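# Examination of the molecular architecture
Here are the chains, one letter per residue:
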Amino acid sequence: EARNFIEKNKGKPFFMYFALNTPHYPYQGYAKWLKHYQKLPYPRNLYAAFVSTYDETIGNLVATVDRLGLREDTIIIFQSDHGHSHEERAHYGGGSSGPYRGAKFSMFEGGLRVPAIISWPGSLPEGAVRAQLAHSCDWLPTIAKLTGVKLLKKDIDGKSIVTLIKQAEAKTPHDVLHWQTGRGRQPRWAVRQGDWKLIGNPQDTSNKAPLTAKDKLFLVNLKNSVSEMKNLAQANPEITKRLKKLHDDWVAKNTK
């Protein structure tokens, strides 16, 4: 259907949001990839097969763009939404967050730090890597700026990262970023300013280390340690207080 859409609209500007469930459960990798990874331990074998199925699907779509001669006129963005799942219906794992703690539903980096790629041959740097902080909400204003589309609403969460994409030394447009999942008495949340991140009611869905009642507020410095294994809140009360106020003010502003 996605390839047919591109074929149908190849002669005019188009936008397509292609949201695959892959590699979300249920794991449904192609038979050839299940066979290819059959010697990997369970459930890594199922997850790997599904990721390769994903790669093949995206590859087929990009091949259509190439075949139609649209590659240099097409901006392609790949964006994951969160870390891998450890839920029962995901066979309790299979993915990996590498050095990062946490997974899906966690405010540790394993749940938040995900891959993103933007490609526009001839117009954007190729083969470049950026480590500056950005957010998936940034794609809306970024796409608008790259395509010359005027946004009707300016009060949005995202910020254009065009300068960051084009210049390796550019700073992140974000002074502060907020996350929250759930409501009620103990929602899980995080706020980041610079290298400091404060997590409220943390959950480690990767089970890399236990959390205690003393970890209700969990402070980390990502420049010094991306693993987030040590809570620095008690040792840095002023920073903890400042970040907690940033979160409280943000919640108050967005719940009126």
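The following refers to the structure shown. (Residues numbered from 1 in each chain as written. Predicted model: local features only at pLDDT ≥ 70, side-chain atom pairs only at ≥ 80, totals over all residues. Heavy atoms only, no water.)

## Considerations on unusual backbone geometry
Note the threshold: Per the convention used, a helix needs a DSSP run of H or I reaching at least four residues, while a strand needs a run of E reaching at least two, with both numbered from the N terminus.
Here the bond from Tyr-25 into Pro-26 is cis, since omega is 0°, no more than 30 degrees from zero. Residue placement: Pro-26 occurs in the loop between helix H1 (2–9) and helix H2 (31–36). For the peptide bond that leads from Tyr-42 to Pro-43, omega is 0°, which places it in the cis range. With respect to the helices, strands and loops of the structure, Pro-43 is situated in the loop between H2 and helix H3 (44–67). The backbone of His-91 sits at a positive phi, close to 60°, despite the residue not being glycine.

## Some thoughts on the packing of aromatic side chains
To keep it simple, the criterion reads: When the centres of two rings from Phe, Tyr and Trp lie within 6.5 Å, Trp using its six-membered ring, the rings pair. Their planes under 30 degrees apart give stacked, over 60 give edge-to-face, and anything left gives tilted. Burial status follows relative accessibility: with a 1.4 Å probe on protein chains alone, a residue under 20% of its type maximum counts as buried, one over 50% as exposed, and anything between as partly exposed. By definition here, charges over rings are those cases where NZ of Lys or CZ of Arg is within 6 Å of the ring centre and within 35 degrees of the ring normal.
Considering all chains together, one arrives at six aromatic pairs under this definition. Measuring from centroid to centroid gives 5.7 Å for Tyr-27 and Tyr-47, while their planes differ by 75°, and the two rings are edge-to-face. Placement of the pair is Tyr-27 in the loop between H1 and H2 and Tyr-47 in helix H3, with a sequence separation of 20 residues. Since its relative accessible area comes to 14%, Tyr-47 is described here as buried. A centroid spacing of 6.1 Å and a plane angle of 55° characterise the contact between Tyr-27 and Phe-50, whose relative ring orientation is tilted. With Tyr-27 in the loop between H1 and H2 and Phe-50 in helix H3, this pair connects stretches of sequence that are 23 residues apart. Taken individually, Tyr-27 and Phe-50 each receive the classification buried, so the pair is uniform in this respect. The structure contains a cluster of three or more aromatic residues connected by ring pairs, namely Tyr-27, Tyr-47 and Phe-50. Over the ring of Phe-108 we find Arg-101; its NZ or CZ atom is 4.5 Å from the centre of that ring.

## Details of the nonpolar core
Rules: Side-chain atoms within 4.5 Å link the members of a nonpolar core, which is a set of buried Ala, Val, Leu, Ile, Met, Phe, Trp, Tyr and Cys residues. A contact between two residues is defined here by any heavy atoms of the two lying within 4.5 Å.
By size, the foremost hydrophobic cluster in this structure holds 11 residues: Met-107, Phe-108, Leu-112, Leu-133, Leu-177, Trp-179, Ala-190, Ile-199, Phe-218, Val-220 and Leu-222. Those elements that place two or more of their residues in this core are strand E3 (176–181) and strand E6 (217–221). If sequence neighbours within four positions are ignored, Leu-222 has contacts with Glu-109, Arg-113, Arg-192, Asp-195, Lys-197 and Glu-228. Ranked by size, the runner-up nonpolar core spans 10 residues in total, among them Trp-139, Val-162, Leu-164 and Ile-165.

## Points about the side chain of Thr-142
Note the following rule: Any pair of N or O atoms that falls within 3.5 Å is considered a polar contact. Within protein, one atom must be able to donate a hydrogen and the other to accept it, and sequence-neighbouring residues count only if both atoms are side-chain atoms.
Its location among the elements puts Thr-142 in helix H5 (residues 139–147). A relative accessible area of 0% places Thr-142 in the buried class. Looking at Thr-142, its side chain comes within polar contact range of the main-chain oxygen of Asp-138, at 2.6 Å. Reaching out from Thr-142, the side chain makes a polar contact with the backbone nitrogen of Ile-161 at a distance of 3.0 Å. Apart from the residues within four sequence positions on either side, Thr-142 is in contact with Lys-159, Ser-160, Ile-161, Val-162 and Ile-165.

## Some points on the pairing of E3
Under the convention used in this document: Strands pair, by our definition, only if DSSP identifies at least two bridges between them.
As judged from the six bridges shared by E3 and strand E4 (residues 188–193), these two strands associate in the antiparallel manner. Bridge pairing in E4 places Val-176 opposite Gln-193. Adjacent in sequence and paired antiparallel, E3 and E4 are bridged by six residues, among which Gly-182 carries a positive phi angle near 90°.

## Topic: the sheet that holds strand E5 (residues 196–200)
Defined as follows: Lines fitted to C-alpha atoms define the axes here, with helix axes fitted over just the stretch in contact, and angles between the N-to-C directions of these axes take values from 0 to 180 degrees.
Ordered in space as E3-E4-E5-E6, the four strands form an open sheet in which the pairing is antiparallel. Where the open sheet ends on each side, the last strands, each with one partner, are E3 and E6. On average, each strand axis in the sheet is tilted by 15° relative to the strand beside it, whichever way the strands run. Taken strand by strand, helix H7 (residues 237–254) contacts E3, E4, E5 and E6, and its axis lies near 115° from that of E4.

By themselves these figures say nothing about function.
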